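A look at the structure
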Amino acid sequence: MLAVLQPFRGQVIQNRPSRRKGMKHKIILGLSVVLLLFVGARLIVLIRGELGRLEGGRSLAASVHKTGSLHGVGPGGIVGSGALGLKYRVLFVVHLSSLDGDLKYWNAVRKAVGPQTSDIDWWGICDSGSACDAFQGAARFSVVGFMDPYQMRVLSNADVTSRVLLYENAILFGAVERAATSTKMAEALVKALPRP
Amino acid sequence: MSGDALFRRVMIALLAIVLILIGTLALFRQMDGDYSIGQAIPLAEGFSIDGAPVEVPRGKCTLIRVTSDNCPYCQKDQPQYKRLIDKAKQMSCSVVTLGPRVGDISKESVGDAMSLQYVDFAVGRALMPFRTPQTLILDASRGLVWQRQGALDDSDLGAALQAFSLLR
């Protein structure tokens, strides 16, 4: 009898760890599949949300961004849109780190554009709050240190690509890249302004 | 190929897929908020609706609410937001209301609370004021520790209170 069972005994002893290992593999595999399905489902939900937001973002860019919120605070207090009755407004960022250069540049741009159109209100938005206020006397444009968060964000986006924003009343109609020289900048601005 | 080798290959493939999906999720999470935790929002000074200068004290933390009078969701979560204000005051933190655009908040709606209508360029660059309400918590160094865009629900409130409790 023992002689008959002998081969099976050996087989049973060998199979036990193997079966345990197989079970372990199945459990890990099952858990991995569950985790994969969970992460995949979450990803699908997020992608759907993101696509919806992109759609919303497109309409936001098309409508809201065009309307400027042209109010600010400069050395003399609150400055508002239409205060001077001028039709166009040019908004650009002046950087404290290059303030002297920026002042000369924009003063020269204004001088070069001046004879062609005087219907422009020039706003230089300081990138360091009231730190540029002391230079208002030397600037041929309004130095503005503070604006509402919305308009500051729009300006910040424009500044990343060195662009100058052009408004007709409060409607954004152009964004011109800052030229290397004040003469070229003046030419680009005059070209961007609508013909009367 | 033996069973073990096949299992190993399947496991490596699954692990790679899971890692890719987790990475994609992390990317989406980053995109989802527009803000990133830890980013600086240097809200130190500004001007109120009527042009009066406002200084935001550098306390243990700052609770910022970007809101508008004509936004229905900004009214909907007032119970949750008031609990956050209570917590912030209990911790001697500053509470600041921000109007995204001129005319969005009125003196009547803000009352005695510290409010800002005009901010500097650095704050404008850091904020994403295109939707309301937004609730942000900054730590003592004005780094973002928690944010929510949209009306707060009870789970957001729990997360925000937890963020407060983690501040040193």
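So, here is what we can say about the structure in this document. (Residues numbered from 1 in each chain as written. Chains lettered and ligands numbered in written order. Predicted model: local features only at pLDDT ≥ 70, side-chain atom pairs only at ≥ 80, totals over all residues. Heavy atoms only, no water.)

1. A few points about the environment of Ala175(A)
Residues and elements named next belong to chain A. The cut-off we apply is this: Secondary structure counts use DSSP, requiring at least four H or I residues in a row for a helix and at least two E residues in a row for a strand, with both numbered from the N terminus. Throughout, exposure labels follow a simple rule: accessible area from a 1.4 Å probe, protein chains only, divided by the maximum for the residue type, with under 20% read as buried, over 50% as exposed, and the rest as partly exposed. Whether two residues touch is decided by their heavy atoms; if any such pair falls within 4.5 Å, the residues are in contact.
Checked against the element boundaries, Ala-175 lands in strand β8 (residues 171–177). Classification of Ala-175 by relative accessible area gives partly exposed; the value is 39%. Linking Ala-175 and Trp-123, residues 52 residues apart in sequence, is a C-alpha distance of 14 Å. Residues within four places of Ala-175 in sequence aside, it is in contact with Arg-163, Val-164 and Leu-165.

2. Concerning the layout of surface pockets
Residue and element names in this part refer to chain B. So the rule is basically this: A pocket here means an open set of points on a 1 Å grid, computed over the protein atoms alone, that has protein on both sides within 12 Å along at least five of seven lines. A cavity is instead a set of points where a 1.4 Å probe fits but cannot get out; residues with an atom within 4 Å of a point line either one. Grid points are joined across faces, edges and corners, and a volume is the space filled by probe spheres set on the points. Put simply, Ala, Val, Leu, Ile, Met, Phe, Trp, Tyr, Cys and Pro go in the nonpolar bin, Asp, Glu, Lys and Arg in the charged bin, and everything else, Gly too, in the polar bin.
Volume-wise, the second largest pocket comes out at about 430 Å³. What lines the second largest pocket is a set of 20 residues, among which Tyr-81, Ile-85, Thr-97, Ser-109 and Ala-113 lie closest to the centre. Of all the elements in the fold, those that place two or more residues in the lining of the second largest pocket are α2 (72–76), α3 (78–90), β4 (94–98) and α4 (107–110). Its residues assigned to classes, the lining of the second largest pocket shows 9 nonpolar, 6 polar and 5 charged.

3. Examining the nonpolar core
Nonpolar side chains in soluble globular proteins tend to be buried together. Formally: Note on terminology: a nonpolar core comprises buried Ala, Val, Leu, Ile, Met, Phe, Trp, Tyr and Cys residues joined through side-chain atoms within 4.5 Å.
Ranked by size, the top nonpolar core spans 34 residues in total, and within it Leu91(A) and Ile41(B) carry the most contacts. Secondary structure elements with two or more residues in this core: β3 (88–94), β4 (120–126), α3 (149–160) and β7 (163–168) of chain A together with β3 (61–66), β4, α5 (121–126) and β6 (134–139) of chain B. With 5 residues, the single largest contributor to this core is α3(A). The next biggest cluster of nonpolar side chains, apart from the first, holds 26 residues, and it includes Trp106(A), Val109(A), Val143(A) and Val164(A).

4. Details of the packing of helix α2 (residues 99–113) of chain A against helix α4 (residues 182–192) of chain A
Residue and element names in this part refer to chain A. Quick note on the threshold: The convention used is that axes are lines fitted to C-alpha atoms, helices contributing only their stretch in contact, and that angles between N-to-C directions extend from 0 to 180 degrees. Working definition: roughly parallel below 35 degrees, roughly antiparallel above 145 degrees, roughly perpendicular at 65 to 115 degrees, and oblique for all remaining angles. Take the far helix as your reference; a near helix turned counterclockwise from it by less than a right angle gives a left-handed crossing, and one turned clockwise gives a right-handed crossing.
Axis separation between α2 and α4 bottoms out at 8 Å; the angle between their running directions is 50 degrees. Accordingly, the angle class assigned to the pair α2 and α4 is oblique. For the pair α2 and α4, the crossing hand works out as right-handed. Across the interface between the two elements, Tyr-105, Trp-106, Ala-108, Val-109, Ala-112 and Val-113 from α2 touch Ser-182, Met-185, Ala-186, Leu-189 and Val-190 from α4.

5. Examining the interface of chain B and chain A
This is how it is decided: Buried area is calculated as the accessible area (1.4 Å probe) missing from two parts once they are joined, with the contributions of both summed. Any Lys or Arg side-chain nitrogen located within 4 Å of an Asp or Glu carboxyl oxygen qualifies as a salt bridge. Polar contacts, as counted here, are pairs of nitrogen or oxygen atoms within 3.5 Å of one another; within protein the pair requires one atom able to donate a hydrogen and one able to accept it, and residues that are adjacent in sequence qualify only if both atoms are side-chain atoms.
Listed as interface residues are 39 residues of chain B and, on the opposing side, 42 residues of chain A. Between chain B and chain A the total buried area reaches about 3500 Å² when both faces are included, carbon and sulfur atoms providing 75% of it. In terms of surface lost to chain A, no three residues of chain B exceed Arg101(B), Phe121(B) and Phe130(B), which account for 23% of the buried area on that side. In this assembly, chain B and chain A are joined by 0 salt bridges. Linking chain B with chain A are 6 residue pairs in polar contact (both at pLDDT 80 or more). Sorting the residues of the side of chain B that touches chain A by element identifies α1 (3–33), β1 (45–47) and α5 of chain B as the ones contributing at least two each.

6. Brief notes about the pairing of β6(B)
Residue and element names in this part refer to chain B. To be explicit about the condition: Two strands qualify as a pair provided DSSP detects at least 2 bridges between them.
When you tally the buried positions in β6, you get 5 out of 6 residues, the bulk of the element. In this structure, β3 lies alongside β6, joined through 6 bridges in antiparallel fashion. Residue Val-66 lies in a different strand from β6, and its bridge partner there is Gln-134. Pairing geometry for β6 and strand β7 (residues 144–149), over 5 bridges, is antiparallel. From the neighbouring strand, Leu-136 faces β7, where its bridge partner is Gln-147. What sits between the antiparallel neighbours β6 and β7 is a turn of 4 residues, in which Arg-142 has the positive phi angle 60 degrees.

7. Regarding the packing of aromatic side chains
Where we set the bar: Here the aromatic set is Phe, Tyr and Trp, taking the six-membered ring for Trp, and pairing holds for ring centres within 6.5 Å; pairs whose planes are under 30 degrees apart are stacked, those over 60 apart are edge-to-face, and all others are tilted. Lysine NZ or arginine CZ positioned within 6 Å of the ring centre and within 35 degrees of the ring normal marks a charge as sitting over the ring.
The full count for this structure, using the stated rule, is 6 aromatic pairs over all chains. On the basis of an interplanar angle of 15 degrees and a centroid distance of 3.8 Å, the ring pair of Phe92(A) and Trp106(A) is categorised as stacked. Separated by 14 residues along the polypeptide, Phe92(A) in strand β3 and Trp106(A) in helix α2 bring together distant segments of the chain. Classification of Phe92(A) as buried rests on a relative accessible area of 2%. When the centroid spacing of 5.7 Å and the interplanar angle of 85 degrees are considered together, the rings of Tyr150(A) and Phe130(B) count as edge-to-face. A residue pair is termed interchain when its members come from two chains, as with Tyr150(A) in helix α3 and Phe130(B) in the loop between α5 and β6. Its relative accessible area of 2% is what places Tyr150(A) among the buried residues. On the basis of relative accessible area, Phe130(B) is assigned to the partly exposed category, the value being 22%. Three or more aromatic residues link up through ring pairs in this structure, and these residues are Phe92(A), Tyr105(A), Trp106(A) and Phe141(A). The aromatic ring of Tyr81(B) is capped on one face by Arg65(B), whose charged end is 4.4 Å from the ring centroid. For Arg101(B), the ring lying beneath its charged end belongs to Tyr150(A), and the centroid distance is 4.1 Å.

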